[in-house]
Amino acid sequence: MTLPPYAGVLGVAIEAGDGAPVLAMPFGDDVLGRPGFLHGGAIAGLLEMAAIAALDHALTAEGGGRIKPINVTVDFMRGGRDKPTRAAGVVTRLGTRVANVEATAWQDDPAKPIAAARMNYLLVR
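Since we're looking at a predicted model, the values are computed, not measured. (Residues numbered from 1 in each chain as written. Predicted model: local features only at pLDDT ≥ 70, side-chain atom pairs only at ≥ 80, totals over all residues. Heavy atoms only, no water.)

Chemist: Please clarify how the overall build of the chain should be interpreted in this entry.
Modeler: The helix and strand inventory of the chain stands at two helices and six strands. Scanning the chain from its N terminus toward the C terminus, one meets helices and strands in the order α-β-β-α-β-β-β-β. For 125 residues, the compact-globule formula gives about 14 Å, and the C-alpha radius of gyration of the chain, at 14 Å, lands near that figure. For the chain, the spread of C-alpha atoms along the three principal axes comes to 45 × 25 × 25 Å. Evaluated residue by residue, the chain yields a buried proportion of 36% over its 125 residues. Accessible surface, the chain as shown: approximately 6800 Å² in total, 52% of it carbon and sulfur. Separation of charge centres in the chain, based on 12 positive and 12 negative side chains, amounts to 7 Å. (Helix = DSSP H or I, 4+ residues; strand = E, 2+ residues; numbered from the N terminus. Rg over C-alpha atoms; globule rule 2.2 N^0.38 Å. Buried < 20%, exposed > 50% of the residue type's maximum accessible area, 1.4 Å probe, protein only. Areas by Shrake-Rupley, 256 points an atom, 1.4 Å probe, with all protein chains shown as cover. Lys, Arg positive; Asp, Glu negative; His and termini not counted. Charge placed at Lys NZ, Arg CZ, Asp CG, Glu CD.)

Here you go:
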């Protein structure tokens, strides 16, 4: 799968594995907010890329399609520190015209997310 160009700006890469993709974003000057912390926009961008990757994975299994975001809600739970951040998306509903996706971002422990997002996408199959 090819991620959108914005993923390259963030330095996001897909980690090898089975099932829905897990994305990794390294800490660096490009994603720096206040000193020592990730910028909230970089976290939200990572969550969006994780949702797109999960939805693309699910759509590919059903013959493909195009997506257009309808809305995005991001909840920030704790500050992202100066270490790699991972994110994964889960498609909670894959309908004929609309898909609902949830994504979470974490650093050390997936059970302790730093942010979560809920997104709705319009589908063209």
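Chemist: Mind showing me how you'd approach the nonpolar core here?
Modeler: Burial of nonpolar side chains together is a common tendency in soluble globular proteins. If you look at the biggest cluster of nonpolar residues, it comprises 30 residues, and the most contacted ones within it are Val 12, Leu 23, Met 25, Leu 47, Leu 55, Met 119 and Tyr 121. Elements with a contribution of two residues or more to this core: α1 (5-10), β2 (22-25), α2 (40-61), β5 (98-106) and β6 (115-124). Beyond its immediate chain neighbours, meaning those up to four positions away, Tyr 121 contacts Glu 48, Ala 51, Ile 52, Leu 55, Ile 67, Lys 68, Pro 69, Ile 70, Arg 97, Val 98, Ala 99 and Val 101. (Core = buried A, V, L, I, M, F, W, Y, C linked by side-chain atoms within 4.5 Å. Contact = heavy atoms within 4.5 Å.)

Chemist: Looking at this structure, I do not really get the sheet that holds β6. What am I missing?
Modeler: Strands pair in a sheet through their backbones, by hydrogen bonds, and they do so in one of two ways: parallel or antiparallel. Taken in spatial order, the six strands make up an open sheet running β1-β2-β4-β5-β6-β3, and their pairing is antiparallel. The open sheet has two edge strands with one neighbour each: β1 (13-15) and β3 (66-76). For this sheet, the mean inter-axis angle between neighbouring strands, taken without regard to orientation, is 30°. Bridging between strand β4 (residues 85-94) and β5 involves eight bridges; their strand directions are antiparallel. (Pairing = 2+ DSSP bridges. Axes fitted to C-alpha atoms, helices over the stretch in contact; angles between N-to-C directions.)

Chemist: So what exactly am I meant to see when it comes to the side chain of Thr 85 here?
Modeler: Note on placement: Thr 85 falls in strand β4. Polar side-chain contacts of Thr 85 include one of 3.0 Å to the side chain of Gln 107. Every residue in contact with Thr 85, bar those within four places of it in the chain, is listed here: Leu 23, Ala 24, Met 25, Leu 38, Leu 46, Ala 105, Trp 106, Gln 107 and Ile 114. (Polar contact = N/O pair within 3.5 Å; in protein donor to acceptor, adjacent residues only side chain to side chain.)

Chemist: Can you help me understand the pairing of β2 in this one?
Modeler: Where a strand is regular, its side chains alternate between the two sheet faces. With three bridges connecting them, β1 and β2 associate as antiparallel partners. Bridged to Glu 15 within β2 is Val 22. Here β1 folds back onto β2 in antiparallel fashion, the turn holding six residues, of which Gly 19 has a positive phi close to 80°. With four bridges connecting them, β2 and β4 associate as antiparallel partners. Bridging from a neighbouring strand, Leu 23 pairs with Ala 87 of β4.

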